[in-house]
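Examining the three-dimensional arrangement
Spelled out, the chains give:
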Amino acid sequence: MTKLTRFCSVVVVLLGLCSPTFGGFNHRVIPACDESEDVCKFEFDIRYKFSMVYYFNGYSTPIVIRNGTMMKRSVYNSEEFTPVTPRELSEILTVDGVYKLLFAINGELPGPPIVVYEGQTIEVSVKNGLSNEAFTIHWHGMIQKNTPWMDGASMVTQCPINPGDTFLYRYKAEPRGTHWYHSHQGTMRTDGVAGPIIVLPRSKRTDIPEVEEEFILMIQDWNRNSSSLESHVIQHFNMHLYSNNFNCTTDCYKPTHSVDGTNMGVVPFHSGLINGKGHYYPDKGEDPLIPELPLETFNVKPDKYYRFRIINAAMLFSFRFSIDEHTIHVVATDGNDVEAESAQSIIMSSGERFDILVKTDGNPRKNYFIRAETIEVKNRHNEPNRPGRVTAILRYEDAPEELPKTERETCTRQNVCKVLNCPYKLYPSEAHIRCLSTAHFRSTQEMIKRQPVPLPPRGEDIREDFLNFHYAGFKGSPFMAAINGYKFEFPTCPPQITYDVPARTCFNDCQDHDCGEYCECTHTLKYDQMPLNAGVQMVLVNNDEFAGATNHPIHIHGHHVHILKVSYPEVDEETGIIVKATPDIRCAGKDCKYPSWEKEEWAGGNVPDLNLRNPPLKDTVVVPRMGYVVLRFPLDNPGYWYMHCHMEAHQLEGMTLIIKEGLHSAQKKPPKNFPTCGDFTWSYEDYEEIVNGPMVAGLGAVQQDDEYDNKQQQTATKTKNSGPSLSQTSETVLIVALCGTLLCIVIGVVKVVRSRSKHYVLCQKSNSSGTKSIASRLCGTDRQPLLTSKISESST
């Protein structure tokens, strides 16, 4: 980190003076707290905000393009326009030029960066300022050791945060590296509730060059419609054809494919954003719809190294990332250090992160495109197809402020390109591209010392579980996303925070009943009887009979896992098209519900070609279509951990399960007064007992009150000869009651903060006659409490 950056971090970061713009998202990596501080605090206020609208002093006005200039409409006259200033532009969520209602965190998109040092405690106070939506926030990459109920998996580790509520997240910043946060409710992350988490190391890495500066780069696909609409279109079979327009004519959606013939999803790519900025290209043409919109720009000096911390926050799409005329050097994946690997480009799927170094050895008077292109390169007829794209600018300090004119490097027989993290085996031979899988990366020795590959006791097999991420038919739907034939059904209360009898009633546990070929239930993979720190091995399979299936980026909460092997299907060596599924997996049941090794001797961890010496550590890994991934991790983090496809639509459809790690009784219990939720039901007998029982005083006659009044009248009759007459007593009571009523009202208005006990005493004084009075009813001295006892106690 440069001296200037450190100066900015401690002196003027709050003023935004070190940002490349006047406000908005700051892509520079600047710590929020000094390295010596134990706790870093953040406040998130999540509210609605329109894109392409300028907000000021309680007013707002749309942004339009007139004669090639971005203009503000007048607040009071729609025919008056004023040019947008640079400062105003920095506060506008331009996205790709569409007008859309978003969920903004502190007014920003992406949300504000959380940049801290390893081991510091992160506190984030999240205020739900929305009116219709509840949500949670998942801290993607944070392992949450000892704080599993801070993981933010809705209805697994906590209840959603309701509108108007505030929830305080507090957890340890570990492990170090590039991570991110996002909503874990519905599709909200795609429409704004997402941002970066950067955990800086305490010591410098010595095997890579010193960097001039570090940048944050968040890529995402962008739906011009609401993401909720897109998700529901996907879940209604064949409606994806009309995702652009239900009354479409020439623009009905046509499926696209990657180089191996794998379907790239069931909705079209509209546009993409880098740090909230992008362009929309109609029909994927060359010219953007609104060329005046800004692109994210990274300013650099020549002959320096820069670190880009890249996050794919997409709803569905994978991107091939590159920088024109520059080589990228991958040094970390999902926050975990790997030996530097150089290439022309890298493919990133939803949820994945990669740290790259770039040496600025280009022409110092030029600008260069930073580009991310979708990997949909063929149409349904296997003909070339223009991929979707999103760009940013790498601008040298002496270059003019103009768009680059550069292109991605051309790959030839003499200049073969290298692509890292491929979700498929190879490119067609004429592409002249060498494709390398996730398993090709090698962890640094320091990383392996931190987390060694778990090995079974000598002479024993390791526990091994097969999970097939596939499509299956459910209740009239031809296909829905599932795991081993189970479509995930959310528990009705979060198991991480629910104990005793209710814990069982929340679960429709898949193991409780045999529901036939397919099942909609709470799918749970149980490791609760295994010893702490025991190693487990998972084989993630992607095999079914559905022709439109995709690759699946699988994310595991609470862990970073070793990727021991990635295996692809058999393909045509010339075209790269899938010929048939991997021969290593034996399938049983419809859609390969019960996968296992074809060779029985491979079981229990005896698979050949596993890298047990220095495999990469990741929390999100892509399972190739018709292939598999072997991973391993220790059971060192008791809790309930979500595991799911990170394509939002697939997760919501049911490609999800819960890992139960350790006995619930041995897991860390949540803090006192942790909010709970769940189903509610009550019997008709309960209803009758309440409505036919005693009524609340003041709302009508109550049996107990009538008896009390009768006793009071009898007492007054017995003593009428030794005191005032009944009429005199009534007059006195009425006068005192009226005075008491006025007194109570005045005190209630002037001293509303005084305790209820003092208020009670004052009202009692007005009832000194011993007869039930008007004052007592108004002051509530004999009313039943309308709030719970806990709330009543807290207010006294």
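Criteria and thresholds
- Residues numbered from 1 in each chain as written.
- Predicted model: local features only at pLDDT ≥ 70, side-chain atom pairs only at ≥ 80, totals over all residues.
- Heavy atoms only, no water.
- Helix = DSSP H or I, 4+ residues; strand = E, 2+ residues; numbered from the N terminus.
- Contact = heavy atoms within 4.5 Å.
- Areas by Shrake-Rupley, 256 points an atom, 1.4 Å probe, with all protein chains shown as cover.
- Disulfide = S-S within 2.5 Å.
- Buried < 20%, exposed > 50% of the residue type's maximum accessible area, 1.4 Å probe, protein only.
- pLDDT = per-residue confidence, 0-100.
- Salt bridge = Lys/Arg side-chain N within 4 Å of Asp/Glu carboxyl O.
- Core = buried A, V, L, I, M, F, W, Y, C linked by side-chain atoms within 4.5 Å.
- Phe/Tyr/Trp six-rings, centres within 6.5 Å; stacked < 30°, edge-to-face > 60°.
- Lys NZ or Arg CZ within 6 Å of the ring centre and 35° of its normal.
- Polar contact = N/O pair within 3.5 Å; in protein donor to acceptor, adjacent residues only side chain to side chain.

A word on the overall build of the chain. Each helix and strand counted, the chain has 12 helices and 44 strands in total. Look at the contacts in the chain between residues 6 or more apart in sequence, and 74% of them connect residues 24 or more apart. When the accessible surface of the chain is summed, it comes to about 36,000 Å², and 52% of that surface belongs to carbon and sulfur atoms.

Once that is clear, we can look at the state of the cysteines. If you walk through the whole model with that rule in mind, you get 7 disulfides. One disulfide in the model links C33 with C40; its S-S distance is 2.2 Å. Pair check on accessibility: C33 and C40 agree, each one buried.

Glancing now at the confidence of the model for the chain. For the chain, mean pLDDT is 83; residues scoring 70 or higher make up 79% of the total. Note that pLDDT drops below 50 for residues 1–22; the model gives that stretch 33 contacts with residues more than four away or on any other chain. Confidence drops under pLDDT 50 across residues 741–796; counting only partners more than four residues distant or on other chains, this segment forms 49 contacts.

A word on the pattern of salt bridges. One pass over the structure, following the stated rule, counts 39 salt bridges. Residue E88 is joined to K72 by a salt bridge in which the shortest nitrogen-to-oxygen separation is 3.1 Å. Residue E88 is located in helix α2 (residues 86–90), and its partner K72 is located in strand β4 (residues 69–73); the two are separated by 16 residues in the primary sequence. Assessed through its relative accessible area of 11%, K72 is described here as buried. A single network of salt bridges, built from pairs that share partners, joins E118, R176, R205, D207, D337, E446 and R450.

So, on to the nonpolar core. If you look at the biggest cluster of nonpolar residues, it comprises 82 residues, and the most contacted ones within it are F308, M538, L540 and M643. The dominant element in this core, judged by the number of residues it contributes, is strand β25 (residues 389–396), at 4 residues. If we skip the residues at most four places from it in the chain, M538 touches D465, L467, L525, Y527, V629, V630, L631, F633, M643 and I659. F42, M150, M188 and F674 belong to the second largest nonpolar core, which has 32 residues in total.

Attention now goes to the packing of aromatic side chains. Overall, the coordinates contain 29 aromatic pairs when judged by the stated rule. Considering the side-chain rings of F298 and F308, the 5.3 Å spacing of their centres and the 70° angle between planes classify their relative orientation as edge-to-face. Note that F298 is positioned in strand β16 (residues 297–300) and F308 in strand β17 (residues 305–312), a separation of 10 residues in sequence. The exposure class of F298 is buried, given its relative accessible area of 0%. Here the aromatic cluster, defined as three or more aromatic residues joined through ring pairs, consists of F44, W139, W149, F167, Y169, Y171, Y181 and F674. Lying over the aromatic face of Y281, R389 brings its terminal NZ or CZ to 3.8 Å of the ring centre. It is K669 that lies over the ring of Y499; its NZ or CZ is 4.9 Å from the centre.

Summarising the element assignment, T406 is placed in the loop between β25 and β26 (417–420). A distance of 2.7 Å separates a polar atom in the side chain of T406 from a polar atom in the side chain of D324. Within the local environment of T406, its side chain forms a polar contact with the backbone nitrogen of F369, the two atoms lying 3.1 Å apart.

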